[in-house]
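Chain by chain, the residues:
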Amino acid sequence: MASASDPDLVLLIHGTGAANVADTGAAWWQAGSPVSLALRDRFGAGAALSTKIFHWSGKNSEYDRRQAALSLLDLLVQQEAAQRPYHLIGHSHGGSVIWLALQEATASGKRLDHLRSWATLGTPFLNFRPQPVAWSRFLPALAMFGLVVDFIALRRGSHILSPWSVGDMLPLLPELWRSGEYAVLVLFPLLWLVLLAVLLRCAAYAFVLIRSRRANRSSEALKLRAFETYSRGYLGVWSPNDEAINGLTATLLLAGEVAPKWQPDARRGLFRRVLDAVTWPVRGLYNAIFARAADELIWSQVATHLQGNDTSGLELGFVSRSPSSISVGWPAIPDELDRLLVAKANEGAATILASLRTALGMSVTAGAGSPNIITGMAAQINLRDLVHTSYYTSEPIQDLLACHVRAKASPRDSAAQTPAALSELRDWYFENLPRAIGRPAGTSPPSPAVSSKIRTLTRIEGIGLAAMVLVIWTALLGISRASLDVLTDRYQVDVVMTRSRDIVPSVFYSSAFGWLQALAAAGELDRARHDAAGLSGINDGEKVESLAVIAATLRAIGDAATAATIEEEAVAAAREVTDSQAKTRGIAALAGELASNGILREDLLQPDLLSFSPASVLATLAKRFAAAGYPDQALKILPRGLDARAYAEAIAPVLKALLDKGRTAEAMDLARKVAMDSSFFTAPVVMEVYAASGDLAGAETVAAAIQDETTRTRAFARLALLWIKAGDLAKCLAAAARVNSWTYVFRDAAQTAAALAKAGRAADAKTLALKALQDQSDDNPWWDAQQIIDNQRDLADAGIAAEVSAARSKLFAASVKKYGSGDTEVLGRAVYRLIGVGDVKGAYAYVRSFPTGEQRAAFLPVVSVAFADAQDGVMAQQVLAEAETEIAGIEGESDRSSGIGALAQAFAHAHRYRDARLRADNVLVQADRLAIYAAILRGHAIDRYPRYKSLLKDPATLIVTNPF
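Remember, it's a predicted structure, so these values are computed and weren't measured experimentally.

Chemist: How would you sum up the overall build of the protein? Please name residues and give values.
Modeler: Along the protein, the regular secondary structure elements total 41 helices and seven strands. Taken over 964 residues, the protein has a buried fraction of 47%. Split by element, the accessible area of the protein, about 44900 Å² in all, is 57% carbon and sulfur.

What follows is the structure, given as structure tokens:
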């Protein structure tokens with residue numbers, strides 16, 4: 001804390017190029033220098049030079065000046081904390097540092113209450129403004145925007161890879177690597193990085209423009225506030241002949257021809273004249289544009305270097321002699337004092353010329369290329385002999401500074417004297433003191449005529465970068481089309497859509513159901529309609545069935561409105577069919593499809609529409625209605641004249657539907673009409689009806705009366721299960737004892753055994769399960785294996801898990817031995833059974849046991865798909881690789897084609913559509929190839945809408961087909 005008796009502190013701040021790390025020295029601002037000693041003597045007792053010497057870099061850099069201002073402000077804040085009055089004197093850009101520090105104090109709200117005075121000597125106050133907008137620099141961004149808009153307009157609705165969809169390339173990287181496209185892997189991202197750099201440059205330029213304009217608006221108001229706050233203590237000393245001030249002003253007007261021009265050869269022979277005439281357009285273009293741009297660049301670099309302008313987005317607008325461009329500052333020093341400073345500088349000029357002469361002589365003596373050429377000249381030239389560096393050595397100005405400090409000292413020095421060395425200076429000081437304090441000037445200084453020196457250069461730059469964008473875009477588009485598009489999923493879909501046009505007319509209509517379903521799921525409804533109408537040999541009724549597949553697919557994926565439209569089209573088309581059987585066949589397909597989706601169309605069940613349908617089709621349709629929960633409509637459709645077995649099998653789903661709806665009495669009435677000897681498959685359902693009616697005793701009577709041994713066995717097996725469910729263990733075992741063979745009732749036996757085990761009858765359960773398990777034969781090992789696979793959980797619950805495993809292995813070996821010679825389809829059924837119960841590893845081992853490469857190749861892809869569905873990607877890839885190896889070893893072209901088809905289907909399921917499509921080209925059977933195309937298209941639809949995976953059903957189950 002300073003006391004009232006302590007003198008004010010005076011801080012001296014040097015300008016550009018005057019930095020020195022030492023606190024003491026000969027420089028005017030250093031302690032112990034002649035100037036500092038002269039000022040100390042003139043200050044008297046009221047003020048003293050600060051012992052803290054302020055240092056800054058002294059570089060000709062606006063950034064360094066602003067950093068120095070922040071450091072100076074920190075020092076002043078410390079002085080404020082000590083509550084000791086202080087004064088600031090700055091020379092050249094040292095004054096700029098003071099002025100910037102005062103602005104920063106005003107902006108940050110730091111009050112400098114103890115600042116008593118501040119003076120600047122020959123300070124060129126640089127006033128920056130935002131650079132004018134060079135619109136040509138936005139040409140690259142505009143070119144890119146135009147290309148993207150044009151691309152979207154031309155390819156609207158297409159998903160083909162484009163250069164700007166970089167994210168689409170990432171999934172293609174492994175395939176590019178495998179394909180050896182190393183140049184594409186390097187070139188594509190490199191070109192994108194260059195393009196991105198160009199666009200980022202445009203964005204950065206826009207950011208700088210916006211920021212500089214916002215900063216400029218606040219800067220002008222800040223300057224006025226700062227000057228109004230601190231102008232009462234200000235003294236500005238400057239000469240109209242100050243070399244630095246005038247030189248910086250002159251940098252705004254630098255212009256002229258610097259770069260060499262392309263001129264015609266003065267020795268104009270015939271050849272030269274012809275050459276000059278030919279090159280005239282190029283020469284004119286170079287001189288008018290490129291040479292001019294070089295001139296602009298050179299002068300711009302020279303000007304910004306001399307100005308020390310290293311700010312972004314700002315250029316020097318004008319150089320003022322006052323801290324604020326909109327306030328009246330101090331006028332120039334009196335003419336008499338100015339003449340003295342100029343005379344002294346002129347005397348020094350002669351010394352400078354003599355020094356230059358000596359330095360040049362030393363350089364010649366030393367020889368060309370000698371370092372003395374530069375160092376010798378620099379050593380001989382004394383830049384102190386300038387008006388700009390004469391202020392602080394002038395005794396009148398030293399008196400003026402001392403007078404200003406003593407006049408503003410706190411308390412004011414009553415002994416303060418006006419500068420006596422020059423009477424004109426005394427009058428100048430007191431005349432200008434009142435009006436130099438923060439009064440608005442009214443208008444800003446005029447701007448120089450030249451506001452930007454690089455107009456042509458920026459235009460060339462913008463046009464050049466825009467051309468670069470076009471070239472890069474063209475290169476990216478070429479790479480994309482040549483190397484990337486062919487790898488994308490969408491490309492595979494486009495190829496599939498194109499090539500399928502030649503295949504669809506050559507396949508049987510039911511073989512195209514999967515393709516129609518895939519088209520509908522992918523949203524290609526127009527194509528689906530077209531293909532449904534163009535199938536080979538298709539009649540009008542079959543076209544209606546094809547439309548039913550499309551409608552069923554749309555309903556499955558939730559597009560009921562469009563499905564209804566397709567269904568109405570199908571109904572209208574069906575009514576126009578002239579062939580009666582074809583008409584009723586189409587109507588039956590539509591009615592079944594609607595019923596499966598919970599929609600009942602009574603108008604499709606009229607006798608005149610269905611009267612010509614084959615009994616087998618109507619029976620199948622009745623089953624569909626019953627399965628959909630419409631037993632009454634099923635009975636209405638069920639044709640008369642069916643044989644007893646067909647009727648019994650058709651009535652079974654009707655009985656189940658009635659039970660599901662709780663219409664037990666109606667089910668019972670209908671069950672009594674069934675001839676039980678007629679259907680092995682109907683017996684269990686009839687038993688269920690009796691059980692639901694609470695008449696298990698009556699069910700046992702009915703079962704005992706069945707003459708057919710197999711049907712009776714099935715009935716008693718189901719009775720045993722129903723009795724255990726009813727909790728009567730004795731009746732259960734009694735019914736089970738009447739089963740002669742468990743071969744055809746394995747499911748009932750397994751469930752009964754599991755129920756017995758749950759009821760605590762472990763011994764009975766195991767006995768019954770073992771009896772069923774052992775009642776197998778080698779006549780049909782696949783059938784027996786299927787029964788074990790489907791019911792192995794119940795058998796395990798009955799306590800015979802080990803026996804089940806051993807029996808299954810034995811039956812697998814037997815089935816391979818019996819069917820391995822060629823009945824691949826039978827072997828495949830067991831594979832699908834194993835996969836269906838989740839035993840994918842068992843299916844894999846089973847397929848590996850197949851004796852021929854053709855059989856293994858046919859089902860290894862299926863197993864791979866199962867592994868993929870089980871989220872075991874490693875095994876899925878391994879099995880696919882094994883499948884490819886097996887296929888490569890197949891000699892027969894037809895057998896190899898079948899294996900390739902299965903592999904292609906697996907690739908499509910694994911979303912490797914390119915692999916699938918490439919292999920589809922080697923499949924001989926057109927229907928198989930179309931199935932692969934359908935799998936690709938279906939998978940692509942699922943990729944877009946993952947929920948489709950669980951909604952899209954096997955299209956063969958969506959319509960009523962002729963079982964014969």
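Further notes follow.
Chemist: Give me the lowdown on helix α27 (residues 696-704), citing residues and values where you can.
Modeler: Buried within α27 are the following residues: L696, G698, A699 and A703. The buried residues of α27 all sit within an arc of 155 degrees when viewed along its axis, so they share a single face. The inward-facing, buried residues of α27 contact α26 (683-692) and α28 (709-726).

Chemist: So what about the pairing of strand β3 (residues 86-91)? Which residues, and what values?
Modeler: Most of β3 is tucked away: six of the six residues are buried. The alternating pattern of β3 places Y86, L88 and G90 on one face and H87, I89 and H91 on the opposite face, and all of these are buried. By the bridge criterion, five bridges tie strand β1 (residues 8-13) to β3 in an arrangement that is parallel. What sits directly across from V10, in β3, is H87. For β3 and strand β4 (residues 115-121), the ladder comprises six bridges, and the chain directions are parallel. For G90, the partnering residue across the bridge sits in β4 and is T120. One crossover worth recording links β3 to the parallel β4 by way of helix α3 (residues 93-108), and it is right-handed.

Chemist: Describe the pairing of strand β6 (residues 234-237), listing the residues and the values that go with them.
Modeler: Along β6, one buried face is formed by Y234 and G236 and the opposite face, lined by L235 and V237, is buried too. As defined by bridge partners, β4 adjoins β6 across four bridges and the pair is classed as parallel. Bridge pairing in β6 links L121 to V237.

Chemist: I'd like to hear about the pattern of salt bridges, residue by residue, with values.
Modeler: A complete count under the given rule lists 31 salt bridges for this structure. Here D869 makes a salt bridge to K949, at a shortest N to O gap of 3.7 Å. Here D869 is found in helix α36 (residues 853-869), whereas its partner K949 is found in helix α41 (residues 948-951), with 80 residues between them in sequence. One network of salt bridges, with partners in common, ties together E688, R714, R718 and D748.

Chemist: So what about empty space enclosed by the protein? Which residues, and what values?
Modeler: Per the stated rule, a full pass over the model turns up one cavity of 30 Å³ or more. Of the pockets and cavities examined, the largest cavity occupies roughly 70 Å³. Lining the largest cavity we find L9, L11, S50, K52, L75, L76, Q79, Y86, H87 and L88. Of all the secondary-structure elements, those providing two or more residues to the lining of the largest cavity are β1, α2 (62-82) and β3. Along the lines of polarity and charge, the residues of the lining of the largest cavity split into six nonpolar, three polar and one charged.

Chemist: Outline the nonpolar core, supporting the account with residue identities and numerical values.
Modeler: If you look at the biggest cluster of nonpolar residues, it comprises 162 residues, and the most contacted ones within it are W515 and I550. In this structure, I550 is in contact with L516, A520, L525, A528, R529, A532 and I566, ignoring residues within four places of it in sequence. Core analysis: the next-biggest nonpolar cluster, separate from the first, contains 71 residues, W29, L73, L248 and V319 among them.

Chemist: Outline the confidence of the model for the protein, listing residues and values.
Modeler: In this model, the protein carries an average pLDDT of 82, and 86% of its residues clear a pLDDT of 70 or more. Element-level mean pLDDT values for the protein span from 47 in helix α11 (residues 372-380) up to 95 in β3. For residues 440-444, every residue scores under 50 in pLDDT, and the model assigns this stretch nine contacts once sequence neighbours within four places are set aside.

Chemist: Quick rundown of the sheet that holds β3? Include the residues and the values.
Modeler: To summarise the sheet geometry, strands pair through backbone hydrogen bonds and adopt either a parallel or an antiparallel arrangement. Taken together, the five strands give an open sheet; going across it, the order is β2-β1-β3-β4-β6, and neighbouring strands pair in parallel fashion. Two strands lie at the open edges of the sheet, namely β2 (47-49) and β6, each paired on one side alone. Averaged over all pairs of adjacent strands, the angle between their axes in this sheet comes to 20 degrees, without regard to strand direction. Here three bridges tie β1 to β2, and the two strands are oriented parallel to one another. The partner of V10 across the bridge, within β2, is L49. In the packing of helix α1 (residues 34-43) onto the sheet, the strands contacted are β1, β2 and β3, and the crossing angle to β2 comes to about 165 degrees.

Chemist: Report on helix α40 (residues 926-944), specifying residues and quantitative values.
Modeler: The end-to-end C-alpha separation of α40 is 27 Å, in line with the 27 Å expected for 19 residues at 1.5 Å each. Among the residues making up α40, those that are buried are R929, L930, I932, Y933, A934, A935, I936, L937, G939, H940, A941 and I942. Buried-residue contacts for α40 involve α15 (489-503), α16 (513-521), α38 (893-909), α39 (913-920) and α41.

Chemist: An account of the layout of surface pockets is requested, with residue identities and associated values reported.
Modeler: Looking at the largest pocket, its volume works out to about 1600 Å³. The wall of the largest pocket is formed by 44 residues, among which Y832, V862, Q905, H909 and A935 lie closest to the centre. Mapped by element, the contributors of at least two residues to the lining of the largest pocket are α16, α34 (824-836), α36, α38 and α40. Looking at side-chain class alone, the lining of the largest pocket contains 23 nonpolar, 14 polar and seven charged residues.

Chemist: Account for unusual backbone geometry, naming residues and giving values.
Modeler: Generally, phi is negative for residues other than glycine and the peptide bonds are trans, each holding for most cases. Look at Q83: it is not a glycine, yet its phi comes out positive at around 55 degrees. Inspection of the secondary structure assignment puts Q83 in the loop between α2 and β3.

Chemist: Pulling in residues and values, what's your account of the packing of aromatic side chains?
Modeler: As enumerated under the stated definition, the model contains 15 aromatic pairs in all. Judged by centre distance (6.1 Å) and plane angle (70 degrees), the ring pair of F227 and Y234 falls under edge-to-face. On the accessibility criterion, F227 (0% relative accessible area) is buried. Judged by centre distance (5.4 Å) and plane angle (80 degrees), the rings of F680 and F681 are edge-to-face. These aromatic residues form a ring-pair network of at least three members: F812, Y832, Y846, F850 and F859. Its end group placed over the ring of F680, R714 keeps NZ or CZ at 4.6 Å from the ring centre.

Chemist: Break down the packing of α39 against α40 for me, citing the residues and quoting the values.
Modeler: At their nearest, the axes of α39 and α40 sit 9 Å apart, and the two run at 165 degrees to each other. Between α39 and α40, the angle falls in the class roughly antiparallel. In terms of crossing hand, the pair formed by α39 and α40 is left-handed. On the side of α39, the interface is formed by Y913, A916, R917 and A920, while α40 contributes R929, I932, Y933, I936, G939, H940 and D943. A per-class count over the contact of α39 with α40 returns six nonpolar, two polar and three charged.

Chemist: Describe in detail the environment of A692, supporting the description with residues and values.
Modeler: Along the polypeptide, A692 turns up in helix α26. When its relative accessible area of 45% is taken as the criterion, A692 is described as partly exposed. In this structure, the C-alpha to C-alpha distance between A692 and A667, residues 25 residues apart in sequence, is 9.4 Å. Other than its neighbours up to four places away in sequence, A692 contacts L659 and T664.

Chemist: Let's hear about the packing of helix α18 (residues 540-556) against helix α19 (residues 560-575): which residues, and what values?
Modeler: Between α18 and α19, whose axes approach to 8 Å, the crossing angle comes to 165 degrees. As far as their axial angle goes, α19 and α18 are roughly antiparallel. Considering how the two elements wind past one another, α18 and α19 form a crossing that is left-handed. Side by side, α18 and α19 meet where V544, L547, I550, A551, L554 and R555 of the first sit next to A560, T562, A563, A564, I566, E567, E569, A570, A573 and A574 of the second.

Conventions used here
- Each residue is numbered by its place in its chain's sequence as written, counting from 1.
- Predicted model: local features are reported for residues with pLDDT of at least 70 only, side-chain atom pairs are reported and counted for 80 or more only, and whole-chain, interface and lining totals are derived from all residues.
- In computing side-chain properties, one takes all heavy atoms of the structure into account and sets aside hydrogens as well as water.
- A run of H or I in DSSP becomes a helix once it reaches four residues, and a run of E becomes a strand once it reaches two; helices and strands are each numbered from the N terminus.
- When a residue's accessible area, from a 1.4 Å probe over protein chains only, is under 20% of the maximum for its type it is buried; when over 50% it is exposed; and in between it is partly exposed.
- All accessible-area figures derive from a Shrake-Rupley calculation using a 1.4 Å probe, and residue coverage is judged against the displayed protein chains alone.
- Of all possible arcs, the one meant is that of the directions from the helix axis to the C-beta atoms.
- Contact criterion: two residues are considered in contact whenever any of their non-hydrogen atoms come within 4.5 Å of each other.
- By definition, two strands form a pair when at least two bridges between them are found by DSSP.
- Throughout, right-handed denotes a crossover for which the path from the first strand over the helix to the second runs clockwise when the strands point away from the viewer.
- Throughout this description, the term salt bridge denotes a Lys or Arg side-chain nitrogen within 4 Å of a carboxyl oxygen of Asp or Glu.
- Buriedness for pockets is judged along seven lines, at least five of which must meet protein on both sides within 12 Å for an open set on the 1 Å grid over protein atoms alone, while cavities are sets there where a 1.4 Å probe fits but cannot get out, and lining residues have an atom within 4 Å of a point.
- Grid points are joined across faces, edges and corners, and a volume is the space filled by probe spheres set on the points.
- Asp, Glu, Lys and Arg are counted as charged, while Ala, Val, Leu, Ile, Met, Phe, Trp, Tyr, Cys and Pro are counted as nonpolar; the rest, among them Gly, fall into the polar class.
- The definition of a nonpolar core used throughout is a set of buried Ala, Val, Leu, Ile, Met, Phe, Trp, Tyr and Cys residues joined through side-chain atoms within 4.5 Å.
- Along the chain, pLDDT gives the predictor's confidence residue by residue, from 0 to 100.
- Lines fitted to C-alpha atoms define the axes, with helix axes restricted to the stretch in contact, and inter-axis angles between N-to-C directions lie between 0 and 180 degrees.
- A helix is expected to span 1.5 Å multiplied by its residue count minus one.
- Between the rings of Phe, Tyr and Trp (Trp by its six-membered ring), a pair exists once the centres lie within 6.5 Å; its type follows the angle of the planes, with under 30 degrees stacked, over 60 edge-to-face, and the other angles tilted.
- Criterion for a charge above a ring: Arg CZ or Lys NZ at most 6 Å from the ring centre, at most 35 degrees from the ring normal.
- When describing relative orientation, an angle under 35 degrees is termed roughly parallel and one over 145 degrees roughly antiparallel, while 65 to 115 degrees is termed roughly perpendicular and anything else oblique.
- Take the far helix as the reference: if the near one is turned anticlockwise from it by less than a right angle, the crossing is left-handed, and if turned clockwise, right-handed.

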